Amino acid sequence: MSTALLTGLGLGLAVAAQVGPVSLLLVRTVLRGATSAGLAIGLGAAVVDVAYAAAGSAGAAGLLEVAALRTTLGLLGSAVLVVLGLRALQTVRRPLLAGDLPAEIATPTRALRTSLAATASNPMTIAAWTAVFLATTTAELTRGAAGTGLLLLGIGLGTLIWFTALTGVVRLVRGRVTDRGLRGVDIASGLGLVAFGVVLAVRVL
């Protein structure tokens, strides 16, 4: 059982470490002084990863074989990412006053909701986690409900550990980032989010 937990921990860390929409949101948020909101973003990512992994273990990826459902979910997810990216770029056009935060990350609760939306925006993640569970089952790393539960726990912890560590690192360098640097981060994160959204839409279509 400890093997299942450690495997899940490694998988959670590996998936979270990939540069994606949530990473961009977190860096932008913490650089603007909202450490608690950054932690909330990490929590949202962990929640969705565990939920998608659980759905994958239950075989929910089969639902994505329904073309209409796959297309609808994919385009909705794409729209979420594009909107978040455009809001970041809008901040560049109309700089925020000192201490202000964009509405979508203004409080930990709002940041959590934004993170949930951004992380859940790619329904193909369910298919990816299904492949992971098939691999772990074949390797006999999970046995029964207890093994699956430990694997899911490990995935959640791995994701949370990564984003908590990233929050800490960004907070350490925050004092060295100038206003011009913040605008550069807004531009990079905005363009990155829009790009992720467009790529997702293209893949779906």
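Above: the structure in question.
Computed from a prediction, not measured in an experiment: that's the story for all the values here.

Parameters and conventions
- Residues numbered from 1 in each chain as written.
- Predicted model: local features only at pLDDT ≥ 70, side-chain atom pairs only at ≥ 80, totals over all residues.
- Heavy atoms only, no water.
- Helix = DSSP H or I, 4+ residues; strand = E, 2+ residues; numbered from the N terminus.
- Buried < 20%, exposed > 50% of the residue type's maximum accessible area, 1.4 Å probe, protein only.
- Contact = heavy atoms within 4.5 Å.
- Areas by Shrake-Rupley, 256 points an atom, 1.4 Å probe, with all protein chains shown as cover.
- Axes fitted to C-alpha atoms, helices over the stretch in contact; angles between N-to-C directions.
- Left-handed = near helix turned anticlockwise from the far one by under 90°.
- Nonpolar A, V, L, I, M, F, W, Y, C, P; charged D, E, K, R; others polar.
- Salt bridge = Lys/Arg side-chain N within 4 Å of Asp/Glu carboxyl O.
- Core = buried A, V, L, I, M, F, W, Y, C linked by side-chain atoms within 4.5 Å.

This part covers the overall build of the chain. Helix and strand counts for the chain stand at eight helices and zero strands. Starting at the N terminus, the α and β elements of the chain follow one another as α-α-α-α-α-α-α-α. When the 205 residues of the chain are sorted by exposure, 40% land in the buried category. In the chain, the share of contacts with a sequence separation of at least 24, taken over all contacts with a separation of at least 6, comes to 88%. Surface summary for the chain: the accessible area is close to 10300 Å², and the carbon and sulfur share equals 68%.

What follows is about the packing of helix 3 (residues 35-57) against helix 5 (residues 108-119). Close contact between helix 3 and helix 5 brings their axes to 7 Å; oriented N to C, the two are set at 35 degrees. For the crossing formed where helix 3 meets helix 5, the hand is right-handed. Contact residues: Ser 36, Ala 37, Ala 40, Ile 41, Leu 43, Gly 44, Ala 45, Val 47, Val 48, Asp 49 and Tyr 52 in helix 3; Pro 108, Ala 111, Leu 112, Ser 115, Leu 116 and Thr 119 in helix 5. Partitioned by chemical class, the residues of the contact of helix 3 with helix 5 number 12 nonpolar, four polar and one charged.

Right, let's talk about the pattern of salt bridges for a bit. Evaluation of the coordinates by the stated rule reveals two salt bridges. Taking the shortest distance from any N to any O, the salt bridge between Asp 186 and Arg 32 comes out at 2.4 Å. One end of the pair, Asp 186, is in helix 8 (residues 179-204); the other, Arg 32, is in the loop between helix 2 (21-31) and helix 3, with 154 residues separating them in the sequence. The exposure class of Arg 32 is buried, given its relative accessible area of 19%. What you see here is one network of salt bridges that share partners, running through Arg 28, Arg 32 and Asp 186.

All right, on to the nonpolar core then. In terms of nonpolar packing, the biggest core is built from 22 residues, with Ile 41 and Phe 163 touching the most fellow members. Considering every element that reaches this core, the biggest residue donor is helix 2, with six residues. Residues within four places of Phe 163 in sequence aside, it is in contact with Ala 16, Val 22, Ser 23, Leu 26, Gly 42 and Ala 45. By size, the runner-up hydrophobic cluster in this structure holds eight residues, among which are Ala 53, Trp 129, Leu 151 and Ile 155.

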